[in-house]
Amino acid sequence: MATDITDTTHAVDAEALMRLLPARPGLLALGEPTHGEGTLLDVRNGLFRQLVERHGYRTIAIESDCLTGLAVDDYVTSGTGTLDEAVEHGFSHGWGAFEGNRELVRWMRAYNVRAEADGLPASERLRFAGVDGPLEISHAASPRQALTALHRYLSARVDTELLPCTAETLDRLLGADDRWTDPAAMRDPARSVGRSAGTDRLRLLADDLAALLDAQAPHLIPAGARDDWDRARLYGRTATGLLRYHSAMADPSPSRMARLCALRDMMMTGNLLAVAARGPALVHAHNSHLQRAKSTMRMGGAPLEWWSAGALVSARLGGEYAFVAMALGTIRHRGVDTPPPDTVEGRLYALPGDRRLVDARRLAAALESAPGDARPEPRTSPWFGYAPLDPAHLADSDGLVFVKDALASLAS
């Protein structure tokens, strides 16, 4: 007989979510098992609004390019550009096309307009951040944008003799951008420029520029200029991270792909810690990036594993980090049908309601205490883009949002 788990679930609501946690976390991570599903974006948007209006959250960070995300932040904070421009140019991976992301940006800008009209200080206005590196599955970006922006910031504010190089030297060493973004380099280390002549010097120069930025902090952060310095630090993290990533792309060893995965999550970690330092924030990314357990995948038949950004951030922030996973019943337009009844998703699917907030640890305990034949089995997905829950890691989550059915995504 199946274990009764009804009393482990609640309505999806920020108040109920906060009751699951010992205290309001500075960084509240909401995972998702797949990308781009409009139903999940609606859940995220609704929770973020409640967190803003009831619990003082002021930033949302998503798994999107940290540099392109600056365009969205500029729009929501100061009205720079238009909504169309912000969603077109401020999201990577093509995610600006999803209506849920467009609605998020529209609401954030409207909130800030009202806050400004009410005379609220800048600290009470909403901010947006991308926390992924400038990386795609097919390639990594050139470090040019981040490196030259960092150099430009410093050259306008510190004595010239303190700079380790000129802008012309950077331009010469960087060369053409398309040599960095060759898609063939993702599979063939020999095609990568990450260890070519001049690249090692670029890594040293990027490190020197980032160190100079930190060393000059008392001079560079006068009253009112903290945002500029924070943005310059983002450029520094991104430049050094990209150069490290490109170097790993040129590595022919068997650990190459696992190292690339780990370096991506390390870049995300630096960005998440910077977001957390700004005040309470909601971060939304794939479960695999936010979970406390090691992330795993198979590529070319070989198993890969690495510590996720969530695991790294949790180790640093402790109780200031909370992770709430998301799980799905069906994505019928992707061939993911009703979950088997012996899976966690199948147990939750049998309960009433379309969306449920689950006390993940109580659910894990209830399932663990069930007779052996009633314990959940891992679910398998017929579609590569959806990652089911791993029952073994259920108790590592601070909560779980279960959505019974994901409807087809709507593009703007």
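All values reported here derive from a predicted model rather than from experimental measurement.

A. Highlighting the overall build of the protein chain. Along the protein chain, the regular secondary structure elements total 15 helices and 10 strands. Along the first, second and third principal axes, the C-alpha set of the protein chain runs to 75 × 55 × 40 Å. Burial analysis of the protein chain (412 residues in total) assigns 53% to the buried set. Considering only contacts within the protein chain whose residues lie at least 6 apart along the sequence, 77% involve residues at least 24 apart. Of the accessible surface of the protein chain, which amounts to about 18,000 Å², a share of 53% is contributed by carbon and sulfur atoms.

B. Structural context of the side chain of Ser247. Tracing the sequence through the fold places Ser247 in helix H10 (residues 226-249). When its relative accessible area of 4% is taken as the criterion, Ser247 is described as buried. Look past the residues within four positions of Ser247 in its chain and what remains in contact with it is Gly194, Arg195 and Arg203.

C. Local environment of the domain arrangement of the protein chain. Here the protein chain is partitioned into domain 1 (5-57 + 280-405) and domain 2 (136-256). If you average the C-alpha positions of domain 1 and of domain 2, the two centres end up 35 Å apart.

D. Up close: the environment of Ala258. With respect to the helices, strands and loops of the structure, Ala258 is situated in helix H11 (residues 256-277). What Ala258 contacts, discounting residues up to four positions off in sequence, is Leu304, Glu305 and Trp306.

E. Looking closely at the pattern of salt bridges. Enumeration over the complete set of coordinates arrives at 23 salt bridges. Here Arg264 ties to Glu63 by a salt bridge, and the two come within 3.1 Å at their closest N and O atoms. Placement of the pair is Arg264 in helix H11 and Glu63 in strand E3 (residues 59-65), with a sequence separation of 201 residues. Asp337 serves as the salt-bridge partner of Arg332, at 3.6 Å between the closest nitrogen and oxygen.

F. Spotlight on helix H5 (residues 99-117). The terminal C-alpha atoms of H5, which comprises 19 residues, lie 27 Å apart, in line with the 27 Å expected from a rise of 1.5 Å per residue. Gly100, Asn101, Leu104, Val105, Trp107, Met108, Arg109, Tyr111, Asn112 and Ala115 are the residues of H5 that are buried. In the core, the buried residues of H5 are packed alongside helix H2 (38-55), E3, helix H3 (69-78), helix H4 (83-89) and strand E4 (127-132). In the segment just after H5, Gly119 is the residue with positive phi, at about 75°.

G. Fine view of the nonpolar core. By size, the foremost hydrophobic cluster in this structure holds 44 residues, and its most contacted members are Leu28, Phe48, Val105, Met108 and Phe128. Sort the elements by how many residues they give to this core and H2 lands first, with 6 residues. Other than its neighbours up to four places away in sequence, Phe48 contacts Thr59, Ile60, Leu104, Trp107, Met108, Leu126 and Leu282. Residues Val275, Ala281, Ala309 and Tyr321 belong to the second largest nonpolar core, which totals 35 residues.

H. Broad picture of the packing of H3 against H10. Following both chains from N to C, one finds H3 and H10 inclined at 165°, their axes separated by 13 Å at the closest point. Classified by the angle between their axes, H3 and H10 sit roughly antiparallel to one another. Crossing of H3 over H10 shows right-handed handedness. Contacts from Leu70, Asp73 and Asp74 of H3 reach H10 at Arg231, Leu234 and Tyr235.

I. Quick look at the sheet that holds E4. Across the sheet, which stays open at both edges, the 8 strands sit in the order E1-E9-E10-E8-E2-E5-E3-E4 with mixed pairing between neighbours. Two strands lie at the open edges of the sheet, namely strand E1 (9-10) and E4, each paired on one side alone. Relative to strand E9 (residues 355-358), E1 is paired through 2 bridges, and the arrangement is antiparallel. Paired with His10 across the strands is Leu357, a residue of E9. H3 rests against E3 and E4 of the sheet, and its axis sits at about 175° to E4.

What counts as what
Residues numbered from 1 in each chain as written. Predicted model: local features only at pLDDT ≥ 70, side-chain atom pairs only at ≥ 80, totals over all residues. Heavy atoms only, no water. Helix = DSSP H or I, 4+ residues; strand = E, 2+ residues; numbered from the N terminus. Buried < 20%, exposed > 50% of the residue type's maximum accessible area, 1.4 Å probe, protein only. Contact = heavy atoms within 4.5 Å. Areas by Shrake-Rupley, 256 points an atom, 1.4 Å probe, with all protein chains shown as cover. Domains from an automatic or database assignment. Salt bridge = Lys/Arg side-chain N within 4 Å of Asp/Glu carboxyl O. Expected span 1.5 Å × (residues − 1). Core = buried A, V, L, I, M, F, W, Y, C linked by side-chain atoms within 4.5 Å. Axes fitted to C-alpha atoms, helices over the stretch in contact; angles between N-to-C directions. Parallel < 35°, antiparallel > 145°, perpendicular 65-115°, else oblique. Left-handed = near helix turned anticlockwise from the far one by under 90°. Pairing = 2+ DSSP bridges.

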